[in-house]
Amino acid sequence: MSRPGTFALKKWVRSPAWMVAFIVGAGITLVALVANAWLGSLDPGNAWGITYGSAAAFFMLAAALYGVRRRLLAVRVGASQKWLLFHVYGGALFMLLVFAHTEFRLPSGGLNLWLWWLSLIVTVSGFIGIFLQRWIPRTLNSALETEVVYERIPELVKEISGRAEELAENCPPAVREHYLNQVRPNIQRPQRRLGYFFDITGGVRGRARDVAVLSRVLSRDDREKLDELERLYRTKLEMDAQYSLQTALRTWLFAHVPVSIALVVVVALHVYVVIKY
Amino acid sequence: MKNAMKDTDQLKLDQYRDRWSSLGEMSGLVALSEQPSVAKLKEIDLFDDYDNKMLEKLSPDISLATWEPGTVLFEEGAYIDVAFYVVKGSVDIYLQGRRSPSAAAAPIFDQNRTMMIQTADLDLEKKPAPKPEKKKPTPQNTIFLSTMDFNLPAEDAVRLGSGDVFGEIGAMSGWPQSATAKTVTKCLLVQIRLPALRKMRQKSKAFKNKVDAIYRERSLLPQLRVTPLLTGCDDAFIESLAGKVDLVSCDPDQVIGAEGEPCDGLYIVRSGFVKLTQKVGEGELVVSYLPKGGTLGAAELLLEAGGSWIYTAASMENSELIRISESDLRDLMAKYPAARSRLWQAAVDLVKEAGGSRRDVSQSEFLESALEKGLLQGNSILVIDLDVCTRCDDCVRGCAQTHGGTPRFLREGDKYKGFLITRACNHCNDPVCLVGCPTGAIRRAAVGEVVEIVPDLCIGCRTCARNCPYDSIVMNDTGMKWPDSAAVPEAKRGTPQVLATKCDLCYTDPAGPACVRSCPQGCAVRVGGVDEFRKVVARET
C-alpha cells in the first residue's frame with residue numbers, strides 16, 4: 001500500500017514497456033503526419049488519409065475485442081492483463097489516428113461528424129475509466145479496514161442491521177435513543193454518498209463522533225454494548241464508502257461500452273459507404 | 001503423472017467399487033466395534049498401562065476392526081489420522097511405487113511460484129515411466145522420504161504381526177503415508193485416532209518409548225542421514241547419534257525453551273512450526289519462526305558452554321523435535337568442522353533475522369501476521385494488491401468459467417498491508433484437510449504440493465471443510481440429486497448432491513491458474529510462501 005498522499009508512478013503506469021510502445025507508435029504517426037504535410041496534403045481521401053483511417057479502424061476493432069475476451073476468460077488466448085493494456089494503449093493510438101485522418105478538425109457530413117464525436121466520447125470516457133481505476137482502489141485501500149465484494153454489500157448490511165437492532169433492544173435507554181435517532185436511519189440499507197469521494201474516512205469518523213460523548217456516562221457493561229454497536233455502525237459506514245466508490249467503478253462502463261458498440265457500428269457503416277460510393 | 005494416478009484409482013475401485021464403500025460392507029471390513037468398553041480394552045495388552053478413567057477417555061477415539069485378508073488399509077500418499085495396533089493377524093507394508101523419490105521431490109513451481117506446472121511434467125503423461133532396476137537393499141537404494149513411516153528397501157515389503165504398531169508417525173506428524181498397508185491374513189486391529197494417540201503417549205512412558213523406538217528403528221536413521229547439519233558425517237557416527245538423541249513432542253503453545261533459562265541442547269524441528277519471541281520492553285516480539293528442518297539452540301551453545309536461551313521458543317502447533325544433547329553436539333563439532341561451520345551459519349542467520357525484527361517492528365508484525373494467517377503453511381497463496389485491484393471479480397469469474405460455472409474461491413479474506421490474502425486454498429505443507437477423508441477424495445494430485453478433490457469420490461461428508469483452518473473448502477450444491485442406486489446409502493438417495501470443492505491450482509493447465517491469468521490489472525498473484533509474500537509486499541509498498 002502506498003503512503004496516502006504520495007504519487008506512486010508504478011501504481012499509475014503498471015507497464016512501462018507498453019507505455020514506451022505507445023510513445024513509439026504515436027511518434028511514428030506524428031512523423032508520418034509531418035512527412036505527409038511536407039510531401040502532400042492532409043486529406044481523408046488520399047492514400048495518406050486512407051492509411052490513417054484504416055489503421056484507426058484496425059486499432060479500434062482490436063481494442064474492442066477486449067470486451068469479448070472478458071466474456072471468455074477460460075479460453076487460452078493470453079493473459080487478460082495484456083489484452084487490457086492493448087485496449088488502453090491501442091485505444092489511445094486509435095484517437096490519434098482519427099485526428100490524423102480528419103486533418104485535426106471537425107469533419108463535414110452527418111455520419112462523419114457522428115463518427116468523430118463517438119470516437120472522442122469513447123476515448124474520453126476510457127481515460128476517465130483509467131483514472132477511476134487507478135484512483136479509486138488506492139483511495140479504498142488507504143483508510144478502510146473493510147474489504148467487501150460489491151454484490152454482497154446489501155446482504156451484509158442487512159445482517160449488520162439485524163445484529164444492531166437485536167443489540168439495541170438490550171441497551172439502556174440512552175444508548176437505545178442514540179441508536180434510534182442516529183444509527184438506525186443510516187444502518188438499514190446501503191447508502192451511496194458523494195462525500196466519500198472527497199474524504200473516504202471523514203464520513204465514517206464524523207458519524208461515529210457522538211458515541212464518544214455518550215460513552216462517558218455509561219456503566220462498563222453498557223459501554224461494551226455501545227462499543228459493539230459502534231463497531232457495527234463503523235463497519236456499515238465503511239461498507240457505504242465501498243458501495244459508493246465501487247458503484248463509480250462499475251457505472252462508468254455504462255458511459256463507455258454502449259458508445260463503443262455504437263462506434264463499431266458507425267465505423268462499419270462509414271467503411272461501407274466509403275467502399276460503395 | 002496421469003498413469004500413476006490411474007493406478008491408484010484402479011486400486012481404489014478394485015477395493016471399494018464405489019465411493020460409499022469405506023462406510024459400507026464392501027471395503028473388506030468384517031466387524032467394527034466403535035467406542036469399545038473399558039473391559040474390552042483391558043483385554044488388549046496395549047492398554048495395560050492405563051487405568052479405567054483413562055480408558056474411558058480414550059474409548060471414543062478407538063475402534064476395534066476385523067479385516068479380510070488382502071484389504072488395503074491405506075495407500076502410499078494417503079493422509080490418515082489413525083494409528084494401527086495389530087492384535088491378531090499379519091499386515092504387509094510395501095511401496096507400490098506410486099511416488100518415486102524424485103517425483104515426490106519434483107518442484108512444480110517456477111521461481112516465482114506463479115506457474116504451477118511445467119510443460120515437461122505434462123509430457124510425462126505421454127511417456128511410460130521407466131521400470132526401475134531391481135537393486136539389493138543398501139543404504140543407497142533405500143527409498144527414503146522425509147515423510148517416511150517405514151525405512152523400506154525398494155520393491156520390498158515388511159511383514160508386521162501381533163504387537164506391532166504402524167501408521168503412527170504419519171498420524172502424529174500429519175505426513176502422508178509413504179507405504180501401502182495391506183492385510184495378509186484376517187486381522188484384528190486396534191485403530192487409534194490422533195487425539196487418543198496423543199493422550200496415550202502423554203500418559204504412558206512405556207507407550208511413548210515404544211512409539212519412539214519404532215520411529216528410531218524405521219525412520220530416524222535415514223532422516224538423520226539426509227539432515228543438512230550432518231552431511232559428510234560417517235555412518236557409524238550417525239548411527240551412534242541416532243541412539244542418543246531425544247525425541248520431543250510438543251503441544252500447541254508449549255514452551256521449548258524460555259529466554260534467559262539454560263539451554264539444554266540443540267533442537268531440530270521434525271514437524272510443525274516453532275515461534276521465536278524476544279522480550280522487548282514490557283512485551284514480547286516475534287522475531288523468527290522455524291519450519292520443518294530448522295535448528296534451535298545453536299547460537300546459545302556455540303557462544304558459551306551451557307549458554308542461556310536467547311529467545312523464547314514455543315511450538316505453534318503439535319510439533320515433533322529431535323534434541324541433541326550439548327555433549328553430543330560438542331563431539332559432532334570436534335569431529336566434523338564442516339558441521340560446526342554450518343551451525344555457525346544457521347545461528348548467524350537467525351540472530352540477524354531476530355535483530356532485523358527488533359529494529360524494524362513491522363517485520364515482527366509481519367511474522368506474527370504470517371503465523372496467524374497460515375502463510376507459513378502455504379505453498380501457493382493467492383494475494384491481491386488492493387491498491388491496484390478494480391474489484392471487477394474477473395479472477396473469480398475466470399475460476400468459475402474454468403471449473404464448470406462454480407468458482408472455487410471468493411475474493412474475500414484477510415487484509416495485510418494493503419494486500420488481500422484470499423481464502424483460495426494455500427496447498428499447505430501439512431494439509432490437515434486430507435486427514436480423515438473417508439474415501440480419499442481429497443488428495444495430493446501427484447503434482448508437487450497441489451491438493452485436489454476428486455468429485456467422483458467425494459461423498460459430501462464435510463470432514464475436509466471442517467478440518468481446513470482457513471475456510472478454503474466450500475460445500476457446493478451441484479444441482480443434482482444422489483441417484484436412487486443400491487450403491488448409495490438409503491438416507492442419501494434423492495437428496496441434493498452437495499460436494500466439497502476447492503482450488504486445484506488449475507494444475508492440468510500449462511497456462512497456470514485461471515485467477516491469475518484472468519486478472520486484467522495483473523494484481524492477483526500466487527506467492528509460494530511467507531518469504532515470497534514479504535518480497536511482493538516490499539516491492540509494491
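Residues numbered from 1 in each chain as written. Chains lettered and ligands numbered in written order. Predicted model: local features only at pLDDT ≥ 70, side-chain atom pairs only at ≥ 80, totals over all residues. Heavy atoms only, no water.

Visitor: Teacher, can you tell me more about the sheet that holds strand E5 (residues 91-94) of chain B here?
Guide: What links the strands of a sheet is backbone hydrogen bonding, and the strands pair in either a parallel or an antiparallel sense. Residue and element names in this part refer to chain B. Sheet architecture is open: four strands sit in the order E3-E8-E5-E6, paired in antiparallel fashion. Here the strands that pair on one side only, and so sit at the sheet edges, are strand E3 (72-74) and strand E6 (157-160). Taking the axes of each pair of neighbouring strands and ignoring which way they run, one obtains an average angle of 25 degrees across the sheet. In this structure, E5 lies alongside E6, joined through four bridges in antiparallel fashion. Note that in E6 the partner of aspartate 92 across the bridge is arginine 159. (Pairing = 2+ DSSP bridges. Helix = DSSP H or I, 4+ residues; strand = E, 2+ residues; numbered from the N terminus. Axes fitted to C-alpha atoms, helices over the stretch in contact; angles between N-to-C directions.)

Visitor: Please explain the sheet that holds strand E2 (residues 62-67) of chain B as it appears in this structure.
Guide: Spatially, five strands are ordered E1-E2-E9-E4-E7 (chain B) in an open sheet, and the strand pairing comes out antiparallel. Looking along the sheet, the strands with just one partner apiece sit at the ends: strand E1 (29-34) and strand E7 (165-166) of chain B.

Visitor: How do you make sense of the interface of chain B and chain A when you look at a structure like this?
Guide: Often the size quoted for an interface is simply the accessible area lost on bringing the parts together. Taken together, the contact pairs 32 residues of chain B with 34 residues of chain A. Each partner contributes to the roughly 2800 Å² buried at the junction of chain B and chain A, and carbon and sulfur atoms together form 41% of this total. Among the residues of chain B in contact with chain A, Asp387(B), Arg391(B) and Arg517(B) are the three that bury the most area, contributing 25% of the side total. One can count five salt bridges joining chain B with chain A. A salt bridge links Arg391(B) to Glu147(A); its shortest N-O distance comes to 2.9 Å. (Contact = heavy atoms within 4.5 Å. Buried area = accessible area lost by both parts, 1.4 Å probe. Salt bridge = Lys/Arg side-chain N within 4 Å of Asp/Glu carboxyl O.)

Visitor: Help me understand the nonpolar core, please; the structure alone is not making it clear to me.
Guide: A general tendency of soluble globular proteins is for nonpolar side chains to be buried together. By size, the foremost hydrophobic cluster in this structure holds 46 residues, and its most contacted members are Val274(B), Leu276(B), Leu296(B) and Leu332(B). Element by element, the count of residues in this core is highest for helix H12 (residues 337-359) of chain B, at five residues. Here Val274(B) is in contact with Ile256(B), Val269(B), Ser288(B), Tyr289(B), Leu290(B), Leu296(B), Ala313(B), Ala314(B), Ser315(B), Met316(B) and Leu321(B), once residues within four sequence places are set aside. Membership of the second largest hydrophobic core comes to 35 residues, among which are Tyr150(A), Val175(A), Val183(A) and Tyr243(A). (Core = buried A, V, L, I, M, F, W, Y, C linked by side-chain atoms within 4.5 Å. Buried < 20%, exposed > 50% of the residue type's maximum accessible area, 1.4 Å probe, protein only.)

Visitor: Help me understand the packing of helix H7 (residues 194-203) of chain B against helix H8 (residues 205-226) of chain B, please; the structure alone is not making it clear to me.
Guide: Two packed helices can be described by the angle between their axes and the distance between those axes. Residue and element names in this part refer to chain B. Two elements in contact, H7 and H8, have axes separated by 5 Å at closest approach and are oriented at 110 degrees. Here H8 runs roughly perpendicular to H7, going by the angle between their axes. Of H8, the residues touching H7 (which contributes Leu197, Met200, Arg201 and Lys203) are Lys205, Phe207, Lys208, Val211 and Asp212. Partitioning the contact of H7 with H8 into residue classes produces four nonpolar, no polar and five charged. (Parallel < 35°, antiparallel > 145°, perpendicular 65-115°, else oblique. Nonpolar A, V, L, I, M, F, W, Y, C, P; charged D, E, K, R; others polar.)

Visitor: What is the right way to look at a nonpolar patch on the surface in this model?
Guide: On the surface, Leu65(A), Val68(A), Leu72(A), Val75(A) and Val77(A) cluster together to form a nonpolar patch covering roughly 380 Å² of accessible area. By relative accessible area, Val68(A) is classed as partly exposed at 44%. (Patch = residues over 30% accessible without salt bridge, like charges linked within 9 Å, V, L, I, M, F, W, Y side chains within 5 Å. Areas by Shrake-Rupley, 256 points an atom, 1.4 Å probe, with all protein chains shown as cover.)

Visitor: Would you mind going over the confidence of the model for chain A with me for this structure?
Guide: Do not read the fine detail of predicted coordinates wherever pLDDT is low. Residues and elements named next belong to chain A. On average, residues of chain A score 89 in pLDDT, and 93% of them reach the 70 mark or higher. Between the elements of chain A, mean pLDDT differs from a low of 65, seen in helix H9 (residues 202-208), to a high of 95, seen in helix H4 (residues 80-101). Of the regions scoring below 50 in pLDDT, residues 1-6 engages in 14 contacts with residues more than four places distant in sequence or in other chains. (pLDDT = per-residue confidence, 0-100.)

Visitor: Looking at this model, I keep getting lost on unusual backbone geometry. Mind explaining?
Guide: Of all residues except glycine, most have a negative phi; of all peptide bonds, most are trans. Residue and element names in this part refer to chain B. Although it is not a glycine, arginine 462 sits at a positive phi angle of roughly 75 degrees. For arginine 462, the location among the structural elements is in the loop between strand E22 (451-453) and helix H15 (463-467). Here arginine 462 falls in the partly exposed class, since its relative accessible area comes to 41%. At cysteine 506, a residue that is not glycine, the phi angle is positive and equals roughly 50 degrees. Structurally, cysteine 506 can be placed in the loop between strand E24 (496-501) and helix H16 (514-518). Cysteine 506 sits in the buried class, given a relative accessible area of 9%.

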